Amino acid sequence: MSRYEFIDSHGTFRMDNPQHTSGLYIPVAGNTGLRSAVTPDFGGDSKLDQNHFLIAPKSISNLHSDRDTRNFFCVFKDDIWSATGASATQEADRFTDREDEVQLVGGRMWQTVTRTSKKWKITSEVTIFSLLDTQAEIMIVKLTNDSGADLTFTPVAAVPIYARSADNLRDHRHVTSLLNRAVVSENGVIVKPTLSFDERGHQINDTSYYVIGADENGKAPAEFIADTDLYLGEGGTFLRPRSILSNDEGNSAWKKAPFNVDGKENIGALKFDEVKLEAGKSVTFQIAAGCFADASEKRGDEQITKALEVISSADTAQKAFFETAGYWNSLTNIHVKTGDHNFDCFMEWIAFQPQLRRIYGCSFLPHHDYGRGGRGWRDLWQDCLALLLTDPKGVREMILDNFKGVRLDGTNATIIGDHPGEFKADRNGIPRVWMDHGFWPFLTLRLYMDQTGDLDILSEDVSYFKDAQIMRAKDRDDRYSEEQGVIQKTEDGRDYLGSVLEHVLIQNLTAVYDVGENGEIRLRGADWNDALDMARDKGESVAFTCGYAGNLQSIAEYLRIYSDRSGNKDCLLIPEIKELLTGSEERVFADTKSKNDTLKSYMRSVSHEAPAERESFSISEIADALDKKADLMMKLIREKEWVTDSEGNGWYNGYYDNEGRRVEGEFDTGDGKNVRMMLTGAVFSIMSGTAEDDRIPAITKSADKYLYSRELGGYRLNTDFKALRTDLGRMFGFSYGDKENGAVFSHMAVMYGNALYRRGFAKEGFVALNSLYDAAMNFEVSRIYPGIPEYFNGEGRGLYNYLTGAASWYLMTVVTEEFGVRGMAGDLVIDPKLLACQFDASGEASITLPFRDRIFNVVFHNEAGKSYSEYSVEKVLIDGKEEGAAKDGLKVISSSAIDALSAGVHKISVYL
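One structure accompanies this document, and this report is about it. (Residues numbered from 1 in each chain as written. Predicted model: local features only at pLDDT ≥ 70, side-chain atom pairs only at ≥ 80, totals over all residues. Heavy atoms only, no water.)

**Digging into the sheet that holds strand E51 (residues 890–893)**
Alright, step 1. The four strands are arranged E44-E45-E51-E50 in an open sheet whose pairing can be described as antiparallel. On the outer flanks of this sheet lie strand E44 (821–824) and strand E50 (885–887), each paired with one strand and no other. Strand after strand, the sheet turns through a mean of 40° between neighbouring axes, direction not considered.
Alright, step 2. Alignment of E44 against strand E45 (residues 827–830), held across four bridges, turns out to be antiparallel. When the bridges of E45 are listed, Gly823 appears paired with Leu828. (Pairing = 2+ DSSP bridges. Helix = DSSP H or I, 4+ residues; strand = E, 2+ residues; numbered from the N terminus. Axes fitted to C-alpha atoms, helices over the stretch in contact; angles between N-to-C directions.)

Next comes the structure, spelled out in structure tokens:
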């Protein structure tokens, strides 16, 4: 059974026989837009975006069955052998003693596969990576003669060129091939279709796609084929193309450049001069495949010229590879050292995954075969979490830009543009409100204020989003027209600007007042769990009501800090918000109808225009009002939502269905008792503080009993409800153990660990995070490369790799909770919750990370081998000098002390 091992401190890994595992792929991309997915046999795809695929799109279902791969053949007199493993003979030999010996080495955005043929005694070493500043991927193919005699063969590179939109796989596939125009030049094949095909309106195409090559000395290929049909030949396949068989008359398909091919499916097939390779010697070839979208011919020439420069020799290609690999390795600056080297390397990939989200969005990898490349509202905010820990520069502008997507009714734009702060009106007529969307921005904003100390951001003014959707998607503004744009206007026609604080208050307060008949916030279109999407009328999310209550308390806390630091006692807010701030008395706030009426009154008042002027409000009074509302919300949940089973196990109910019925607890189904529990309610009741300390052990006990499966990766998202719940969501139509229905969903499992750590339950939090790590690293079951996937299914297999917000939360939890190195309104807190097993043999654990423009190597010394709750921080030294003062039981290094340090790397020694 193949599994991988780490071979350096960057997380580079090595594994034998990767071809024996299905579904493996590694992302390969640069910084200019070309994004690829590459399998061990160099299958996968490559694209700029949804409408510009260089290599035809692949989903996980056809990733290994489609054979239009990047290929490189050695054509011998009697047979062909593929340096990438994709030939008919090699596939027939798989799982036999004739099979090639294969080893893969993988790193960030690259892989090298070494393959040795037992028959031909030849070894290929094929490396693929993408250029950082040019839209091109590079393959370096090194061939070594391991036999005792000379080998003679003809090298042939073959990369299919799809050259159009993913939509055209089933929409006029043949017709769109008629648009193709291929020009064969000295170094390869360039394809530029005449039109971008779309029956709603065809467009002139300005994108070119190419495959070019050279040998190790820069010599161009000798002959070419650009027509896929000619390359395959009658009856031929990508695994055994007739055109390259030495004894086949199809060889006449090969031509010397230049020539053109019109109206065909295209391929970049490059035949090099015959090679006579002496025993023990090697020969290298370089292939570049890329595309560029620019009306300027000069721009296109520059793209190909840069690619040609890289492949002009084996040395230049190898140099570019080392530079690229080094760049990706240096991109993240958080590194941990514990008693587990594998965990330290695993964390290198966790730290890198948010960068992959930045590049790929939520699409364009084989599992992520949905969407068209953009990110969602939650993604905008949660991807900032990792950036705030690794590189907070520029995050302030990102946060301000993101707030521009908020509407005055507290909802937000759901169509997000390609540029920062760009949001688009919903023209699809499918209004939908995710009730959790208002929760996430303040969570990110708080981390920003903690890491930077910049509380003045609360007073920064930004615009609001405006389209026809009003009243939390219940109505449309008939007075709105698209000509007005997507920026909220005032009654006198100016762009309305409100403070960040105002945006946060509106988001949270409108949600708090939008309650159902049970007094909890309406579920609306769904919450974080998108698959709870069938309870629009009477559904309620107790889980996120907890979350919003916690938000109100945190907002109040930071308002007081802001007021104390700035000296500001008042702030300017939209006058209509007064309705939402008042009414904190229990009799008023507990009345569902009164709250709904208050919300409707507010929303009507801002449904089209904003007032021309703002009013002054007392900051202390706002903070007090928020605290009162939070207390009443938590009180209601504590009194009404605690559920138990027949054994006395208890937890907080998380939801109400579309009939207004409580979802969780123990139910008599007629076939016996069915216990229904969902992890989300446990997470937010603990994280928010709604669950008091004495309730948490009961919740964790119930979660362990009903949701935990170490073999599958830890905590499932829910128990098996054993019913198709069309009164709750589509998730119950999925097979149990998959996706949102009972899988170990990494994001919520990590948040569960984070919540437990925050509340001081470090042992329980460690179990949540470590179970995910163990599952991911158990390759025989998970079948994934390093990193955390979106979820582990009912068989323990990892699915939807790389592009998950769980990585940001995992990184944040390890840094700020396990190691306990975090900001607190700009000061540096040292509050470790490490367990004894996380220290190395000498009793040390360390983390390297940036903070306030310095790099700190924080080393924890635990000579007594104690675990969390058994030790306390005795002293803290910075560069050998004792620093830090006690504050609320924590060791705190003031921001002024940090800023007094010189730029560069500093060592913090923490003695436990």
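**Here we look at the side chain of Ser688**
Alright, step 1. The topology assignment puts Ser688 in helix H16 (residues 679–688).
Alright, step 2. Not counting residues up to four positions away in its chain, the partners in contact with Ser688 are Cys546, Gly547, Gly550, Gln553 and Met634. (Contact = heavy atoms within 4.5 Å.)

**Section: the packing of helix H7 (residues 377–390) against helix H9 (residues 440–452)**
In a packed pair of helices, the relevant descriptors are the angle between the two axes and the axis-to-axis distance.
Alright, step 1. Between H7 and H9, the least distance of the axes is 9 Å, while the angle of their chain directions is 15°. Classified by the interaxial angle, the pair formed by H7 and H9 is roughly parallel. Crossing hand, H7 versus H9: left-handed. Where H7 abuts H9, its residues Trp377, Arg378, Trp381, Gln382, Cys384, Leu385, Leu388 and Leu389 lie against Trp440, Pro441, Leu443, Thr444, Leu447, Tyr448 and Gln451.
Alright, step 2. In terms of residue class, the contact of H7 with H9 is made up of eleven nonpolar, three polar and one charged. (Parallel < 35°, antiparallel > 145°, perpendicular 65-115°, else oblique. Left-handed = near helix turned anticlockwise from the far one by under 90°. Nonpolar A, V, L, I, M, F, W, Y, C, P; charged D, E, K, R; others polar.)

**Looking at the pattern of salt bridges**
Alright, step 1. The full count for this structure, using the stated rule, is 53 salt bridges.
Alright, step 2. Its salt-bridge partner being Asp41, residue Arg67 comes within 3.1 Å of it at the nearest N-O pair. Within this pair, whereas Arg67 is found in the loop between strand E6 (52–55) and strand E7 (71–75), its partner Asp41 is found in the loop between strand E4 (35–38) and strand E5 (44–49), the two being separated by 26 residues in sequence.
Alright, step 3. Two residues, Lys833 and Asp831, come together in a salt bridge whose shortest N-O distance is 3.4 Å. Each member of the pair Lys833 and Asp831 is classed as buried.
Alright, step 4. Put simply, Arg472, Asp514, Arg522 and Arg524 are held in one network by salt bridges that share partners. (Salt bridge = Lys/Arg side-chain N within 4 Å of Asp/Glu carboxyl O. Buried < 20%, exposed > 50% of the residue type's maximum accessible area, 1.4 Å probe, protein only.)

**Details of the packing of aromatic side chains**
Alright, step 1. Counted by the stated rule, this structure contains 44 aromatic pairs.
Alright, step 2. On the numbers, 5.6 Å between centres and 70° between planes, the contact of Tyr4 with Phe6 is edge-to-face. Neither Tyr4 nor Phe6 differs from the other in exposure class; each is buried.
Alright, step 3. Considering the side-chain rings of Phe439 and Trp440, the 4.9 Å spacing of their centres and the 80° angle between planes classify their relative orientation as edge-to-face.
Alright, step 4. On the accessibility criterion, Phe439 (3% relative accessible area) is buried. (Phe/Tyr/Trp six-rings, centres within 6.5 Å; stacked < 30°, edge-to-face > 60°.)

**Concerning the packing of helix H10 (residues 500–513) against helix H11 (residues 542–566)**
Alright, step 1. One can describe the packing of H10 onto H11 by two numbers: an axis separation of 10 Å at closest approach and a directional angle of 150°. Looking at the two axes, H10 sits roughly antiparallel to H11. Between H10 and H11 lies a crossing of left-handed hand. Counted together, Leu501, Val504, Leu505, Gln507, Asn508, Leu509, Ala511 and Val512 of H10 and Tyr548, Asn551, Leu552, Ile555 and Leu559 of H11 form the full contact between these two elements.
Alright, step 2. Class assignment of the residues belonging to the contact of H10 with H11 gives a composition of ten nonpolar, three polar and no charged.

**Quick word on the sheet that holds strand E9 (residues 101–107)**
The pairing of strands in a sheet comes from backbone hydrogen bonds and takes either a parallel or an antiparallel form.
Alright, step 1. Spatially, E1-E2-E9-E10-E11-E12-E23-E18-E15-E14-E20 is the arrangement adopted by the eleven strands of the open sheet, whose pairing is antiparallel. Every other strand in the sheet has two partners, leaving strand E1 (4–6) and strand E20 (259–262) as the edge strands with one partner each. The average undirected angle you get between the axes of adjacent strands in this sheet is 15°.
Alright, step 2. Across four bridges, strand E14 (residues 181–184) lies against E20 in antiparallel orientation. By the bridge assignment, Arg181 is partnered in E20 with Asp262.
Alright, step 3. Seen against the sheet, helix H5 (residues 314–330) touches strand E10 (110–117), strand E11 (122–130), strand E12 (136–145) and strand E23 (282–293) and runs at an angle of roughly 55° to E11.

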